[in-house]
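A look at the structure
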Amino acid sequence: GFGTFLIAGLEEVLRRESVDVVVLYPAWNGRAPTFWSSIGFSACKASLLPKEELVPYEQGGPLLPEFEASRNAPLPRWEKRIAVAPSSLGASRQPKPQQASLQQLSLEEQRRTRLRSGKNYVSSKTAAKGKGSSGSGASPRSFKPQPHREFLAAMSRVTGGPLLEAAEKLLAYRADLKAELARAPLQFPGGLPEVAAARSAGLLP
């Protein structure tokens, strides 16, 4: 369906931008785990994330867990590797995000990419006003774009042939998992989530 096309396109864009692992927290409602496992996400005994990204948010890290309100319990974290880890590639072999000049973009796309100029800034005065304070005496703080934000936002898209190819690969992956489950249903009593976990752990060809 369109959901699979959406995820296939997202993964393709993330690969182009040098993302190698995707993390999500599937709602524990029966349908969500089946869908996400059918396209390769699973609970990993050994996380695919680097150690610095496993530090919980409450301890100052980037990892933000999700909770199931109906169960009042944290949702399981599922992961999927979508590309070779950058650290395992030589510097010259690491993929580079696609670039484009402003001349190749429409006026609307050019307007959306002005963030790259570095002329935008965030000030404590503006932030204070947003909270209902006058913010007097605050001085503006120059905005410095991070490297990953210097890429043209309009290039973070995939359409046409590349999208269809990515979707076909993901659909073929799903069909392969379902075929594996059909061959040995007793080996995977938990259904597709267990098949996906076994594939992720390298226990299946």
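Residues numbered from 1 in each chain as written. Predicted model: local features only at pLDDT ≥ 70, side-chain atom pairs only at ≥ 80, totals over all residues. Heavy atoms only, no water.

1. With respect to the packing of helix α2 (residues 31-38) against helix α6 (residues 192-200)
Interhelical geometry of α2 versus α6 gives an angle of 30° and a closest axis separation of 8 Å. Viewed along their axes, α2 and α6 form a crossing whose handedness is left-handed. The residues of α6 that touch α2, namely those facing P33, T34, S37 and S38, are L192, P193 and A196. For the contact of α2 with α6, the per-class residue count stands at 4 nonpolar, 3 polar and no charged. (Axes fitted to C-alpha atoms, helices over the stretch in contact; angles between N-to-C directions. Helix = DSSP H or I, 4+ residues; strand = E, 2+ residues; numbered from the N terminus. Left-handed = near helix turned anticlockwise from the far one by under 90°. Contact = heavy atoms within 4.5 Å. Nonpolar A, V, L, I, M, F, W, Y, C, P; charged D, E, K, R; others polar.)

2. Here we look at the environment of S200
Relative to the assigned elements, S200 resides in helix α6. Between the alpha carbons of S200 and R81 there is a distance of 8.4 Å; along the sequence they are 119 residues apart. Those residues in contact with S200 that sit more than four places away from it in its chain are S42 and C44.

3. Things to note about α2
The set of residues buried in α2 consists of A32, P33, S37 and S38. Along its buried surface, α2 packs onto β4 (78-81), α5 (160-183) and α6. Taken from the residues just after α2, G40 is the one with a positive phi, measuring 110°. (Buried < 20%, exposed > 50% of the residue type's maximum accessible area, 1.4 Å probe, protein only.)

4. Focus on α6
Residues three or four positions apart in an α-helix share a direction because the helix packs 3.6 residues into each turn. All of the buried residues along α6 are L192, V195, A196, A198 and R199. Axial view of α6: buried residues confined to an arc of 160°, hence all on one face. The elements touched by buried residues of α6 are α2 and α5. Immediately downstream of α6, the backbone of G202 shows phi near 80°, a positive value. (Arc of directions from axis to C-beta.)

5. Quick word on the packing of α2 against α5
Orientation of α2 relative to α5, taken along the N-to-C sense of each, is 110°, at an axis distance of 9 Å. The orientation of α2 relative to α5 falls into the category roughly perpendicular. Two secondary-structure elements touch here, α2 through F35, S37 and S38 and α5 through Y173, R174 and L177. Taken together, the residues of the contact of α2 with α5 break down into 3 nonpolar, 2 polar and 1 charged. (Parallel < 35°, antiparallel > 145°, perpendicular 65-115°, else oblique.)

6. Points about the environment of S70
Looking at the secondary structure, you find S70 in the loop between β2 (67-68) and β3 (73-74). Residue S70 is classed as exposed on the basis of its relative accessible area of 67%.

7. Comments concerning the packing of aromatic side chains
Inspection of the entire model under this criterion finds 3 aromatic pairs. One aromatic cluster in this structure is built from F35, W36 and F41. Taking NZ or CZ as reference, K80 lies 5.9 Å from the ring centre of Y173, over its face. (Phe/Tyr/Trp six-rings, centres within 6.5 Å; stacked < 30°, edge-to-face > 60°. Lys NZ or Arg CZ within 6 Å of the ring centre and 35° of its normal.)

8. Some details on the pattern of salt bridges
The tally for this structure, following the rule as stated, stands at 9 salt bridges. Where K169 meets E165, a salt bridge forms, and the shortest distance between an N and an O atom there is 3.6 Å. Placement of both K169 and E165 in helix α5 is noted, with a separation of 4 residues, approximately one turn of the helix. On the accessibility criterion, E165 (44% relative accessible area) is partly exposed. (Salt bridge = Lys/Arg side-chain N within 4 Å of Asp/Glu carboxyl O.)

9. Quick word on the confidence of the model for the protein
Here the protein averages 75 in pLDDT, and 66% of its residues register 70 or above. When pLDDT is averaged over each element of the protein, β4 comes out on top at 95 and strand β5 (residues 121-123) at the bottom at 33. Scored below 50 in pLDDT, residues 91-95 makes 4 contacts in the model with residues more than four places away or belonging to other chains. (pLDDT = per-residue confidence, 0-100.)

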